[in-house]
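In case you want the letters, here they are:
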Amino acid sequence: MKHFALLFCLLPLEPLAASSADYLTPRQQHIAVIAALAAKGDMENLKSALHRGLDDRLAVSEMKEVLVQLYAYCGFPRSLNALGAFWPVVEERKARGSEDAPGRDPEPLPAEVQAWEAGRKVQTELVGRPVEGGVFDFAPVINDYLRAHLFGDIFARNNLDYPSRELATVGALSSIEGLESQLASHLAVSLNVGLTASQLRYLATILKERVGETEGERTAQVLEKALQAR
């Protein structure tokens, strides 16, 4: 099965539809696939995906940002393992003379801006409304942590745009059993930040082919339920 998955990782990343609203760019595909493989812990195919991302000019800083962001969804161990795999890939490519795009580091928040307030604005923008009620009223501190850290410290960093961050998040959540509720939430956010239903269906196909049957089917099923609920 590993060799079967690796074969798909070597396929060319070509769109399956004629309209840009119906497919994801190679860059977007790489982000989702890398995040999914890292969250899954599939290190063999992750290394191949990292090489392919760099070959397609995905910047080193963007790929590092994706792998750092993952810790908020699948924990430090998966994130650190993925970064530990990426570092030798970068060094190996340097040694053989590859000129990979370095990308840019994120700009720091202005000194007068607090992470919690910045995160509250980002969270509201992503979701489309203030987030409250339910579990957030039951345990308000968890929303404080989400605002200050996930959205203020991570999502507010400006070296990845919101669609890219959501593709990384959806990719990661697709690889973790039992997180269908969170996956549905981030598929809805993906629509809010400009990704289309067709693009997300295409994402499910990409995950199915290049990450695993389970991940692709899970994403497809949760997406259709999320679309029906809108």
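Conventions used here
- Note that residues are indexed from 1 along each chain, following the sequence as it is written.
- The predicted nature of this model means local features are confined to residues of pLDDT at least 70 and side-chain atom pairs, given and counted, to a pLDDT of 80 or more, with totals for whole chains, interfaces and linings taken over all residues.
- With hydrogens and water set aside, each side-chain value is computed from the structure's full complement of heavy atoms.
- Classification of ring pairs uses Phe, Tyr and Trp, with its six-membered ring standing for Trp, and accepts pairs whose centres are within 6.5 Å; under 30 degrees between planes counts as stacked, over 60 as edge-to-face, and the remaining range as tilted.
- The rule is simple: take the accessible area with a 1.4 Å probe, protein chains only, and divide by the maximum for that residue type; under 20% is buried, over 50% is exposed, in between is partly exposed.
- Secondary structure is summarised from DSSP: a helix means a run of H or I of at least four residues, a strand means a run of E of at least two, and numbering begins at the N terminus for each.
- Only the contacting stretch of a helix is used when fitting its axis, a line to C-alpha atoms as for every element, and angles between N-to-C directions run 0 to 180 degrees.
- Each crossing is labelled by how the near helix is turned from the far one, with a counterclockwise turn of less than a right angle marking it left-handed and a clockwise turn marking it right-handed.
- A contact between two residues is defined here by any heavy atoms of the two lying within 4.5 Å.
- The predictor attaches a confidence to each residue, and that confidence, scored 0 to 100, is pLDDT.
- One side-chain nitrogen of Lys or Arg within 4 Å of one carboxyl oxygen of Asp or Glu is enough to make a salt bridge.
- An angle below 35 degrees is read as roughly parallel, one above 145 as roughly antiparallel, one from 65 to 115 as roughly perpendicular, and any other as oblique.
- In the scheme used here, Gly and all other residues not listed as nonpolar or charged are polar, with Ala, Val, Leu, Ile, Met, Phe, Trp, Tyr, Cys and Pro taken as nonpolar and Asp, Glu, Lys and Arg as charged.

Colleague: Just checking my understanding: could you explain the packing of aromatic side chains for this structure?
Modeller: Two descriptors summarise a pair of aromatic rings, namely the distance from one centre to the other and the angle between the planes of the rings. Counted by the stated rule, this structure contains two aromatic pairs. With centroids separated by 4.2 Å and ring planes inclined at 15°, the aromatic side chains of Y71 and F76 adopt a geometry described as stacked. Of the residues examined, Y71 reaches a relative accessible area of 19% and is grouped as buried. Centre to centre, the rings of F151 and F155 are 5.4 Å apart; their planes meet at 65°, and the pair counts as edge-to-face. Of this pair, F151 and F155 both sit in helix α8 (residues 140-155), four residues apart, which is roughly one turn of that helix. Its relative accessible area of 8% is what places F151 among the buried residues. According to the relative accessible area criterion, F155 is buried, its value standing at 1%.

Colleague: Is there a simple way to think about the packing of helix α2 (residues 26-40) against helix α9 (residues 162-174) in this case?
Modeller: Working note: a packed helix pair is described by the angle between its axes plus the distance between those axes. Contact geometry for α2 and α9: axes closest at 7 Å, N-to-C directions at 35°. Between α2 and α9 the crossing geometry is right-handed. Counting all contacts with α2, which are made through R27, Q28, I31, A32, A35, A36 and A39, the residues of α9 involved are S164, L167, A168, G171, A172 and S174.

Colleague: What should I look at first to understand helix α4 (residues 60-69) in this one?
Modeller: Every α-helix winds through 3.6 residues per turn, so residues three or four apart in the chain are directed the same way. Counted residue by residue, α4 has eight buried out of 10 residues, so it is predominantly covered. Within α4 the residues assigned to the buried category are V60, S61, E62, M63, E65, V66, L67 and Q69. Contacts from the buried residues of α4 go to α2, α3 (43-55), α5 (71-95), α8 and α9.

Colleague: What is the right way to read the environment of I31 from this model?
Modeller: Within the element layout of this structure, I31 appears in helix α2. Exposure remark for I31: the relative accessible area of 1% places this residue in the buried category. Filtering out sequence-adjacent residues up to four positions away, I31 remains in contact with L58, V66, L160, S164, L167 and A168.

Colleague: Quick question: what am I supposed to make of the confidence of the model for the protein here?
Modeller: A low pLDDT score tells you not to read the predicted coordinates there in detail. For the protein, mean pLDDT is 91; residues scoring 70 or higher make up 91% of the total. In the model, residues 1-18 has pLDDT below 50 throughout and makes 30 contacts with residues more than four positions away in sequence or in other chains.

Colleague: Sorry, what's going on with the pattern of salt bridges here?
Modeller: Charged atoms that come close allow side chains of opposite charge to pair. For the structure shown, the criterion picks out 13 salt bridges. When the shortest N-O distance is used, the salt bridge between D55 and R93 registers 2.8 Å. Residue D55 is found in helix α3, and its partner R93 is found in helix α5; the two are separated by 38 residues along the sequence. The partly exposed category is assigned to D55, whose relative accessible area is 49%. Of the charged contacts in the structure, one is a salt bridge between E213 and K208, with a shortest N-O distance of 3.5 Å. Residue E213 is classed as partly exposed on the basis of its relative accessible area of 49%.

Colleague: Looking at this model, I keep getting lost on the environment of Y145. Mind explaining?
Modeller: Along the chain, Y145 falls in helix α8. Measuring from C-alpha to C-alpha, the distance between Y145 and G119 comes to 9.4 Å, with 26 residues separating the pair along the chain.

Colleague: Explanation requested: the packing of α9 against helix α10 (residues 180-192) in the structure shown.
Modeller: Running from amino to carboxyl end, α9 crosses α10 at an angle of 160°, the nearest separation of the two axes being 9 Å. Judged by the angle between their axes, α9 and α10 are roughly antiparallel. Considering only the axes of α9 and α10, their crossing is left-handed. In contact with E166, T169, V170, L173 and S174 of α9, α10 contributes Q182, L183, H186, L187, V189 and S190. Across the contact of α9 with α10, the residue classes tally to five nonpolar, five polar and one charged.

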